[in-house]
Amino acid sequence: MKKILMVLVRGYQRFISPLFPPTCRYSPTCSSYMLTALQKHGAIKGALMGIARILRCNPLVHGGYDPVPDHFSLRRNKAAEMAYLEEMKLK
């Protein structure tokens, strides 16, 4: 199941995504997030995390850095974002 979902996401990345301008408000992109979530957390939890991320990616949010957390969560990874911002300030 996980492999099928990953093939679908890669197909989207290769054939559908290039037809539209980039609009993802997050880094990494929503499709990359979905692939990583599937790899880390399996088919069901990874798909749920990816879908939650896609639903968060809308004009009402500011976006930013949001990597896949090590533990299952449907919420934004604010701890990683804060660490990333602190690291950017030091450079």
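In the block above lies the structure referred to throughout.
Overview of the structure. (Residues numbered from 1 in each chain as written. Predicted model: local features only at pLDDT ≥ 70, side-chain atom pairs only at ≥ 80, totals over all residues. Heavy atoms only, no water.)

1. Overview of the overall build of the chain
In terms of regular secondary structure, the chain is built from 3 helices and 2 strands. For the chain, the succession of helices and strands along the chain, N to C, is α-β-α-β-α. Here the chain holds 91 residues, and 31% of them are scored as buried. Accessible area of the chain: about 6500 Å², with a carbon and sulfur share of 65%. A gap of 11 Å separates the mean positions of the 14 positive and 5 negative side-chain charges of the chain. (Helix = DSSP H or I, 4+ residues; strand = E, 2+ residues; numbered from the N terminus. Buried < 20%, exposed > 50% of the residue type's maximum accessible area, 1.4 Å probe, protein only. Areas by Shrake-Rupley, 256 points an atom, 1.4 Å probe, with all protein chains shown as cover. Lys, Arg positive; Asp, Glu negative; His and termini not counted. Charge placed at Lys NZ, Arg CZ, Asp CG, Glu CD.)

2. Focus on the pattern of salt bridges
Applying the stated rule across the entire model yields 5 salt bridges. For the salt bridge of Glu81 with Arg76, the shortest nitrogen-to-oxygen distance reads 2.9 Å. The class for Glu81 is buried, based on a relative accessible area of 10%. Of the charged contacts in the structure, one is a salt bridge between Lys89 and Glu86, with a shortest N-O distance of 3.9 Å. With Lys89 and Glu86 both in helix α3 (residues 78-90) and 3 residues apart, this pair spans about one turn of that helix. The class for Lys89 is exposed, based on a relative accessible area of 63%. It is possible to trace a salt-bridge network through shared partners that takes in Arg53, Arg56 and Asp66. (Salt bridge = Lys/Arg side-chain N within 4 Å of Asp/Glu carboxyl O.)

3. Some details on unusual backbone geometry
With an omega dihedral of -5 degrees, the bond running from Ser27 to Pro28 counts as a cis peptide bond. For Pro28, the position within the fold is in the loop between β1 (26-27) and α2 (30-56).

4. Considering the state of the cysteines
Here the structure, examined in full by the defined rule, presents 0 disulfides. Here Cys24 is not cross-linked by a disulfide; its sulfur's nearest cysteine counterpart is in Cys30, at 3.2 Å. The thiol sulfur of Cys57 is not disulfide-bonded, and the nearest other cysteine sulfur, from Cys30, lies at 3.7 Å. On the basis of relative accessible area, Cys57 is assigned to the partly exposed category, the value being 21%. (Disulfide = S-S within 2.5 Å.)

5. Thoughts on the nonpolar core
Residues Met6, Val9, Met34, Leu35, Leu38 and Ala47 constitute the largest nonpolar core, which totals 6 residues. Of the residues forming this core, the biggest block, 4 residues, is contributed by α2. Beyond its immediate stretch of four places on either side in the chain, Met6 contacts Leu35, Leu38 and Gln39. (Core = buried A, V, L, I, M, F, W, Y, C linked by side-chain atoms within 4.5 Å. Contact = heavy atoms within 4.5 Å.)

6. Remarks on the layout of surface pockets
Its boundaries defined by the atoms lining it, the largest pocket holds a volume of some 410 Å³. In terms of lining residues, the largest pocket is bounded by 14 residues, among which Tyr12, Ser17, Thr23, Cys24 and Cys30 are the most central. If one sorts the elements of the lining of the largest pocket by residue count, α2 sits on top with 4 residues. (1 Å grid on protein atoms, 1.4 Å probe; cavity = no way out; pocket = protein on both sides within 12 Å on 5 of 7 lines; lining within 4 Å. Points joined across faces, edges and corners; volume = space filled by probe spheres on them.)

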